Amino acid sequence: MSLDRIIREEARLIMLKALAAQDNESLTSELFRAELETFGISRSRAWVHDELAFMKEMGAITVLDAGSVKVATLTEKGARHLKRQIAIEGIKRPSRPGE
């Protein structure tokens with residue numbers, strides 16, 4: 001597995017977790033970019049948009065355009081992935097509780 005793929009799958013999991021932490025389960029692409037930087041993943045907003053498009057295609061999130069940013073919202077499928085009830089290909093699997 002390439003380093004790029006590992007980073008993308010990790011970033012997607014970080015983004016899903018960030019959505020789940022919000023009361024409305026929504027964030028903008030610019031807030032995702034800042035969140036990823038705290039985990040050492042420094043990428044452009046365009047890169048984040050590509051990852052959001054992938055997660056939308058997989059059914060983990062919905063995405064709305066809001067000017068130059070995108071607003072993502074967690075779906076039931078994305079929440080089920082975070083609870084380890086299902087596995088979404090291309091998104092890192094969350095650790096078991098306590099690990």
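No experiment lies behind these values; they were computed from the predicted model shown. (Residues numbered from 1 in each chain as written. Predicted model: local features only at pLDDT ≥ 70, side-chain atom pairs only at ≥ 80, totals over all residues. Heavy atoms only, no water.)

### Let's talk about the nonpolar core
A general tendency of soluble globular proteins is for nonpolar side chains to be buried together.
Logical step 1: One finds Leu16, Leu19, Phe32, Leu36, Leu52, Met55 and Ile61 to be the most contacted residues of the largest nonpolar core, which totals 24 residues.
Logical step 2: If you list the elements that add at least two residues to this core, you get helix H1 (3-20), helix H2 (29-38), helix H3 (45-57), strand E2 (61-66), strand E3 (69-74) and helix H4 (76-82).
Logical step 3: Counting residues per element, this core draws most heavily on H1, at 7 residues.
Logical step 4: If we skip the residues at most four places from it in the chain, Leu52 touches Met15, Ser29, Phe32, Ile61, Val63, Lys70 and Ala72. (Core = buried A, V, L, I, M, F, W, Y, C linked by side-chain atoms within 4.5 Å. Buried < 20%, exposed > 50% of the residue type's maximum accessible area, 1.4 Å probe, protein only. Helix = DSSP H or I, 4+ residues; strand = E, 2+ residues; numbered from the N terminus. Contact = heavy atoms within 4.5 Å.)

### Looking at the packing of H1 against H3
Logical step 1: Contact pair H1 / H3: the axes reach a minimum separation of 11 Å and the direction vectors enclose 75°. It follows from the interaxial angle that H1 and H3 lie roughly perpendicular. Contact residues: H1 offers Ile7, Arg8, Ala11, Arg12, Met15 and Leu16, while H3 offers Trp47, Val48, Glu51, Leu52, Phe54 and Met55.
Logical step 2: A breakdown of the residues in the contact of H1 with H3 according to their chemical character gives 9 nonpolar, no polar and 3 charged. (Axes fitted to C-alpha atoms, helices over the stretch in contact; angles between N-to-C directions. Parallel < 35°, antiparallel > 145°, perpendicular 65-115°, else oblique. Nonpolar A, V, L, I, M, F, W, Y, C, P; charged D, E, K, R; others polar.)

### Overview of H1
Logical step 1: Taking 1.5 Å as the rise per residue, H1 with 18 residues should run 26 Å; its terminal C-alpha atoms sit 26 Å apart, in good agreement.
Logical step 2: Taken residue by residue, H1 has Glu9, Ala11, Arg12, Leu13, Ile14, Met15, Leu16, Ala18 and Leu19 as its buried positions.
Logical step 3: Those residues of H1 that are buried are in contact with strand E1 (26-28), H2, H3, E2, E3 and H4. (Expected span 1.5 Å × (residues − 1).)

### Some thoughts on the sheet that holds E1
Logical step 1: In spatial order, the strands read E1-E3-E2; together these 3 strands make up an open sheet with antiparallel pairing. Single-partner strands in this sheet number two, and they are E1 and E2. Each adjacent strand pair in this sheet contributes to an overall mean axis angle of 20°, direction not counted.
Logical step 2: Relative to E3, E1 runs antiparallel, the two sharing 3 bridges. Among the inter-strand pairings, Thr28 is bridged to a residue of E3, identified as Val71.
Logical step 3: Along the sheet, H1 makes contact with E1, E2 and E3, crossing E3 at roughly 75°. (Pairing = 2+ DSSP bridges.)

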